[in-house]
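# Reading the structure
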Amino acid sequence: MMENKKQKNPNVIYILADDMGYGDISALNEKCPFQTPNLDRMCQEGIRFTDAHATSAVCTPSRYGILTGRYNWRSRLKSSVVGGYSEPIIEKQRKTVADLFKEQGYQTAMVGKWHLGMNFKKTKDFFETPDFDACTGVDYKGSIEDSPVKHGFDYFFGISGSLDMPPYIYIENDHFMEEPCCETQNTGKKFWRKGPTGAHFKHENVLDELTEKVCQKIEEYKENPFFIYFPMPAPHTPILPSEKFQGKSGTNEYGDFVLHCDDVVGRVIQKLQEEDIYDNTIVVYTSDNGCSPMANYEELKQHGHNPSYIFRGTKADIYEGGHRIPLIIQWPDKIKKNLVSKSVVCLSDFMATMADILEVHLPDNMAEDSVSNKKIWLESPDLEVRKDIVHQSIDGSLSIRRGNFKLELCPGSGGWSDPKPGEETGKLRFQLYDLSKDIGEKVNVIEDYPELAEELRGILKSYIENGRSTPGEKQTNSGDRIWDTISWLDEMEEPIKIYK
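Quantities reported herein were computed from a predicted structural model and do not represent experimental measurements. (Residues numbered from 1 in each chain as written. Predicted model: local features only at pLDDT ≥ 70, side-chain atom pairs only at ≥ 80, totals over all residues. Heavy atoms only, no water.)

Here we come to the overall build of the protein. For the protein, the helix and strand inventory stands at ten helices and 20 strands. Along the first, second and third principal axes, the C-alpha set of the protein runs to 65 × 55 × 50 Å. Counting only residues that meet the buried cut, the protein has 63% of its 500 residues in that class. Long-range contacts, defined here as pairs at least 24 residues apart, represent 72% of the contacts in the protein between residues at least 6 apart. Per element, the accessible surface of the protein, about 19500 Å² overall, is 47% carbon and sulfur. For the protein, the separation between the mean place of its 60 positive charges and that of its 79 negative charges on side chains is 2 Å. (Helix = DSSP H or I, 4+ residues; strand = E, 2+ residues; numbered from the N terminus. Buried < 20%, exposed > 50% of the residue type's maximum accessible area, 1.4 Å probe, protein only. Contact = heavy atoms within 4.5 Å. Areas by Shrake-Rupley, 256 points an atom, 1.4 Å probe, with all protein chains shown as cover. Lys, Arg positive; Asp, Glu negative; His and termini not counted. Charge placed at Lys NZ, Arg CZ, Asp CG, Glu CD.)

Structure follows, in structure tokens:
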């Protein structure tokens, strides 16, 4: 069967891994002790990025950045993540990239992990603990407000939060597919919190069941342009590689789970080939942040593997290992094969890039921190399209990078690596690194470049105050909390604030 060449606009599938490190893909890591053949093949078929970043070092905020084209710290969520029962963080009137596609006539579907909050129907005794491990007072028969179908998606099938956060019940569109029949819990690498579980929900089967649903939607949508957002729940905890991959990485269960994720990518691409829509489909593969310490870095190190590659830190950190992520994009009809880009790009750039490809003008109140990567994809892989990029750690600390210099407005990791927040030593409150000479972020040079550090601080301040980092009309930031974490050196007493 010949491929339909009359279709002008490309199909788009966005596959988002959960907690996969840059070094977990063998094409990106020359020392990786196992092979990821399907992801390596994507690299050969398209373009791989060596300097791509999530907007945050943890999952809820980085997903906000992907879907809205806006830095996540502009939302009401100033630090940490939300739980499976938490309230929505995407503002009701804010357009997402799914809205962009839908307005251009695309069929849109999301399959997988949402983790951006939903409004469940609740009873008077609703209660959720701060660590997301207990909840009461949910009406599982009631309609769910602010699910993905209220944010540009025609169809949703998946889970409300991470696979280690209750409720453990599939949601389709705006309804739970069943009521809980029991509570389940597990520990160790297979960890998930105790919580309500549906009779047909088995943690061990979720990744493959979601993959099958994606393949079903490809077959259903194949006659017209479609956008499928596939945020996998893996290799995040619970670390549950299927029997087929157990012991195959030569490392530990986490390495085996990475191989399982690689197989998922192969299955999706094979389906595109079977349906004769492979050439005109953009496939994006990336991760929401760096690898989690739950993977057991020490155990992996014994087998010669570092999920963070050469970068300092892990998930949650302001350091590169927290937010520098794998990014691979293929589009056989348009992107040349085996390209490598060293350009600095951000996952928030997806919306502006797709708007550019679809020739859509974005209004000033959309994609305020999104920069088109179209010319990198189609013209020159090393074209610099960003002047700078802003990152955030789990405790809300920000950093800004321009060129090779990265200013981190915290004295330590801002996350889970040493020195942890509150455990830092020394007189310096902030850090400045020259990544061209010190990719491992070991030598703080802020005392050598005080004027540069002050300049970077001023740029970041302007981005906060203007509600955007791209050209356009000034916008407002969301949330009631005054932002008080960005101040200058010890002599600087007045904080920079973000107001509603």
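By secondary structure assignment, the location of Val111 is in strand S4 (residues 107–113). Among the residues examined, Val111 registers a relative accessible area of 0% and is labelled buried. A sequence separation of 47 residues divides Val111 from Gly158, and the C-alpha atoms of the two residues are 5.5 Å apart. Among all residues touching Val111, those that are not within four sequence positions of it are Phe157, Leu210, Lys213, Val214, Tyr229, Phe230 and Pro231.

Bringing the confidence of the model for the protein into the picture now. Per-residue pLDDT for the protein averages 93, and the proportion of residues at 70 or more is 94%. Considering only residues more than four positions removed or in separate chains, one finds that residues 1–6, a stretch of pLDDT under 50, has nine contacts. Confidence drops under pLDDT 50 across residues 482–500; counting only partners more than four residues distant or on other chains, this segment forms 55 contacts. (pLDDT = per-residue confidence, 0-100.)

Before going further, it helps to spend a moment on the side chain of Gln107. Assignment of secondary structure puts Gln107 in strand S4. According to the relative accessible area criterion, Gln107 is buried, its value standing at 18%. If near-sequence neighbours (up to four positions away) are discounted, Gln107 is found in contact with Asp154, Tyr221, Asn224, Pro225, Phe226 and Phe227.

Before going further, it helps to spend a moment on the sheet that holds strand S18 (residues 398–402). Taken together, the four strands give an open sheet; going across it, the order is S17-S18-S19-S20, and neighbouring strands pair in antiparallel fashion. The open sheet has two edge strands with one neighbour each: strand S17 (389–392) and strand S20 (431–434). Mean inter-strand twist for the sheet, computed between neighbouring axes without regard to direction, equals 20°. Alignment of S17 against S18, held across four bridges, turns out to be antiparallel. Bridge assignment links His391 to a residue of S18, and that residue is Ser399. (Pairing = 2+ DSSP bridges. Axes fitted to C-alpha atoms, helices over the stretch in contact; angles between N-to-C directions.)

Among the secondary structure elements, Pro241 is positioned in the loop between strand S12 (226–231) and helix H5 (253–274). For Pro241, a relative accessible area of 8% translates into the label buried. Setting aside residues no more than four positions away along its own chain, Pro241 makes contact with Gln246, Glu253, Asp256, Phe257 and His260.

Right, let's talk about the sheet that holds strand S15 (residues 339–341) for a bit. With mixed pairing, ten strands are arranged side by side in an open sheet as S9-S8-S7-S4-S12-S1-S13-S14-S2-S15. Each having just a single partner strand, strand S9 (175–176) and S15 make up the two edges of the open sheet. Across two bridges, strand S7 (residues 155–159) lies against strand S8 (residues 171–172) in antiparallel orientation. Considered in S8, the bridge of Phe157 is made with Glu172.

Let's shift gears to the side chain of Ser478. Its place among the elements puts Ser478 in the segment after helix H10 (450–466). Look at Ser478 and you get buried, because its relative accessible area is 16%. A distance of 3.0 Å separates polar atoms of two side chains, one belonging to Ser478 and the other to Glu91. The residues touching Ser478, leaving out its near neighbours within four places in the chain, are Arg70, Arg74, Ser75, Arg76, Lys78 and Glu91. (Polar contact = N/O pair within 3.5 Å; in protein donor to acceptor, adjacent residues only side chain to side chain.)

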